[in-house]
Every structure is written in structure tokens, then in C-alpha cells.
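Coordinate analysis (summary)
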Amino acid sequence: MALLSGKTALITGAARGIGKAIALKFAAEGANIAFTDLVIDENGQATEQEIAALGVKVKGYASNAADFAQTEEVVNQVKADFGSIDILVNNAGITKDGLMLRMTEAQWDAVIAVNLKSAFNFIHACTPIMMRQRGGSIINMSSVVGVHGNAGQCNYSASKAGLIALAKSIGQEMGAKGIRANAIAPGFIETAMTAALPEAVREEWIKKIPLRRGGTVEDIANTALYLASDLSSYVTGQVIQVDGGMNM
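So, how was this worked out
Residues numbered from 1 in each chain as written. Predicted model: local features only at pLDDT ≥ 70, side-chain atom pairs only at ≥ 80, totals over all residues. Heavy atoms only, no water. Phe/Tyr/Trp six-rings, centres within 6.5 Å; stacked < 30°, edge-to-face > 60°. Lys NZ or Arg CZ within 6 Å of the ring centre and 35° of its normal. Core = buried A, V, L, I, M, F, W, Y, C linked by side-chain atoms within 4.5 Å. Buried < 20%, exposed > 50% of the residue type's maximum accessible area, 1.4 Å probe, protein only. Helix = DSSP H or I, 4+ residues; strand = E, 2+ residues; numbered from the N terminus. Contact = heavy atoms within 4.5 Å. 1 Å grid on protein atoms, 1.4 Å probe; cavity = no way out; pocket = protein on both sides within 12 Å on 5 of 7 lines; lining within 4 Å. Points joined across faces, edges and corners; volume = space filled by probe spheres on them. Nonpolar A, V, L, I, M, F, W, Y, C, P; charged D, E, K, R; others polar. Pairing = 2+ DSSP bridges. Right-handed = clockwise from strand over helix to strand, strands pointing away. Patch = residues over 30% accessible without salt bridge, like charges linked within 9 Å, V, L, I, M, F, W, Y side chains within 5 Å. Areas by Shrake-Rupley, 256 points an atom, 1.4 Å probe, with all protein chains shown as cover. Salt bridge = Lys/Arg side-chain N within 4 Å of Asp/Glu carboxyl O.

What the rule picks out here adds up to 2 aromatic pairs. Across the ring face of Trp 205, the terminal group of Lys 208 is positioned such that the distance to the ring centre comes to 5.7 Å.

Now the structure itself:
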């Protein structure tokens with residue numbers, strides 16, 4: 001039997017990139033997929049079609065994850081449309097990099113709102129549903145910079161560190177209700193964003209990675225599948241670094 005057969009997964013920021021890869025992986029293992037993005041444009045529609053081709057129910061929802069009221073509305077709609085929410089992946093995120101002395105308040109606030117507050121919004125809305133179901137898995141998409149920090153990314157690093165602490169705290173609060181919460185901390189992942197980096201920068205990154213390659217979105221999706229499924233039924237409050245050994 002497929003690992004996620006009969007379950008419904010809600011994934012934020014999943015029209016493209018890592019979120020999309022997770023959605024496709026979950027769907028291939030039998031999960032019905034609800035996903036959000038700021039707008040459901042051609043990318044979102046294409047993602048819907050790809051997931052539907054795997055034979056599961058799917059729907060994309062346009063929603064600003066940083067908006068508390070919008071999140072409550074979209075979660076209620078997902079529950080009405082799918083009947084349950086068994087897995088929540090907080091993947092929505094942005095970057096607005098810059099050194100602290102040059103960073104504006106707006107840059108700080110935007111990253112904290114989209115990356116961290118959005119996770120609070122969705123956990124706040126989804127946990128009552130999971131409590132009534134007596135179970136659920138919450139996965140926060142953090143980053144290795146949330147564990148180790150990174151110059152020029154104080155806002156991003158702080159938001160990703162917050163996602164780790166949030167997962168640990170929810171794991172403690174909700175464990176007795178059968179709800180698990182964990183975080184994934186990706187390292188250097190091959191995406192459209194990293195592909196645009198100068199070759200010299202990419203080579204420097206690779207030298208720091210013991211496995212001598214960048215990660216793939218599939219590597220992240222496989223880890224998310226483990227945390228979403230019953231394979232990790234005794235795992236909660238953990239952060240898994242998927243970074244090829246870059247930060248041992």
C-alpha cells in the first residue's frame with residue numbers, strides 16, 4: 001500500500017520548486033493534495049495538472065500565507081473540500097538578503113511575516129482539525145542557515161531558526177494529541193535560484209559539501225515523505241539537515 005494512501009496534505013508555497021516536488025512525491029504515495037501560493041497562475045495550474053495525472057484529488061488555493069484571516073479561510077475551505085487535513089507542510093518563503101547595517105525594516109518584516117508568521121497562521125488553523133482526528137504530521141521547511149546562521153541573511157536565518165523552535169514547541173504541546181512536528185533544514189539545493197549563481201560561486205559551495213554535489217528537490221521531498229508517513233511515527237521535535245554533510 002502507498003505510504004500516504006487516504007491522507008490529505010496541505011502544502012504552502014507549492015506551485016513550484018521544493019513545494020511542488022513535495023506535492024508530487026506525496027501524490028505518488030497516494031495523498032490528496034491541497035496547496036497554496038500567492039496566486040494560482042500558469043505555474044499553479046500546471047502543478048495541479050501534474051498532480052491530478054497521478055490519480056489523486058488536488059486543488060490549488062490563492063492565498064497570502066502571511067495573512068492570518070486569509071489562512072483561516074483557506075484552511076476551512078480545504079477541510080470542506082477534502083474532509084481532513086492530515087499533513088501540513090509550511091514551505092512558503094521569500095528572501096530579501098542584505099547586511100544588517102543596510103537592511104531596512106521593511107525587508108526584515110516581510111521575511112519574518114512570510115517565512116515564520118505564515119507557519120504560525122497555518123499551524124493555528126490546522127491543529128484543531130488534527131486534534132479532532134487524533135493525529136497529524138506538521139513539517140516546517142527551515143534551512144541550514146537557521147541552524148548555523150549566515151552573514152547577509154540575518155532576517156532569513158532568524159525566520160528559519162524560528163521555524164525549528166516552533167516545530168519543537170508544537171511537538172511538545174501536541175504530542176499527547178497524536179500530532180508530530182518536525183523541521184527539514186535543506187543545504188545547497190539545485191533550483192532555478194541556485195542555477196542562476198555564477199559558476200565560481202557554485203564551485204565554492206560544492207567544495208564545502210562532503211558528498212561533492214548540490215542537493216535536489218527530490219532529496220528534500222524524500223525526507224518530507226518520511227516525516228509525513230508512519231515511517232516516522234516515533235519522531236517529533238526534530239530537525240533533519242539535508243545538506244550532503246556540509247554542516248556536520
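Past the structure itself, the notes keep going.
A few words on the nonpolar core. If you look at the biggest cluster of nonpolar residues, it comprises 31 residues, and the most contacted ones within it are Ile 11, Ile 22, Phe 26 and Ile 33. Elements represented by at least two residues in this core include exactly β1 (8-12), α1 (17-28), β2 (32-37), β4 (87-90), β5 (136-141) and α9 (217-228). Excluding its chain neighbours within four sequence positions, the residues that come into contact with Ile 33 are Ala 9, Ile 11, Ala 23, Phe 26, Ala 27, Ile 51, Lys 57, Val 58, Lys 59 and Phe 82. Val 74, Phe 82, Leu 163 and Ile 179 belong to the second largest nonpolar core, which has 28 residues in total.

If you add up the space inside the largest pocket, you get close to 1,400 Å³. Together, 46 residues line the largest pocket, and Ile 18, Gly 93, Thr 95, Tyr 156 and Met 193 are the ones closest to its centre. Those elements giving two or more residues to the lining of the largest pocket turn out to be α1, β2, α5 (144-148), α6 (154-174) and α7 (192-195). Looking at the lining of the largest pocket residue by residue, the classes come out as 21 nonpolar, 20 polar and 5 charged.

Take the pairing of strand β3 (residues 58-62) next. Here β2 runs beside β3; their pairing, made up of 5 bridges, is parallel. Bridge assignment links Asp 37 to a residue of β3, and that residue is Ala 62. The handedness of the β2 to β3 crossover, carried by helix α2 (residues 42-52), is right-handed.

Even without being a glycine, Arg 134 presents a positive backbone phi close to 60°. Mapped onto the secondary structure, Arg 134 falls in the loop between α4 (105-133) and β5. Using a relative accessible area of 55% as the deciding quantity, one classes Arg 134 as exposed. Even without being a glycine, Arg 212 presents a positive backbone phi close to 60°. Among the structural elements, Arg 212 can be located in the loop between α8 (199-207) and α9. Accessibility expressed as a relative area gives 52% for Arg 212, which makes it exposed.

Where nonpolar side chains cluster on the molecular surface, the patch consists of Leu 3, Tyr 226 and Leu 231 and spans about 260 Å² of accessible area. Summarising the element assignment, Leu 231 is placed in the loop between α9 and β7 (239-242). Leu 231 gets classed as exposed once you look at its relative accessible area, which sits at 56%.

This next bit is on the pattern of salt bridges. Counted under the stated rule, the structure contains 9 salt bridges. Across the pair Glu 50 and Lys 20 runs a salt bridge whose closest N-O atoms are separated by 2.7 Å. Here Glu 50, found in helix α2, pairs with Lys 20, found in helix α1; they are 30 residues apart in sequence, far enough to count as distant. For Arg 213, the salt bridge is made with Asp 219, and the minimal N-O distance between the two is 3.1 Å. Its relative accessible area of 41% is what places Arg 213 among the partly exposed residues. Take Asp 219: its relative accessible area is 22%, and that puts it in the partly exposed class.

Taken by themselves, the reported measurements are silent on function.
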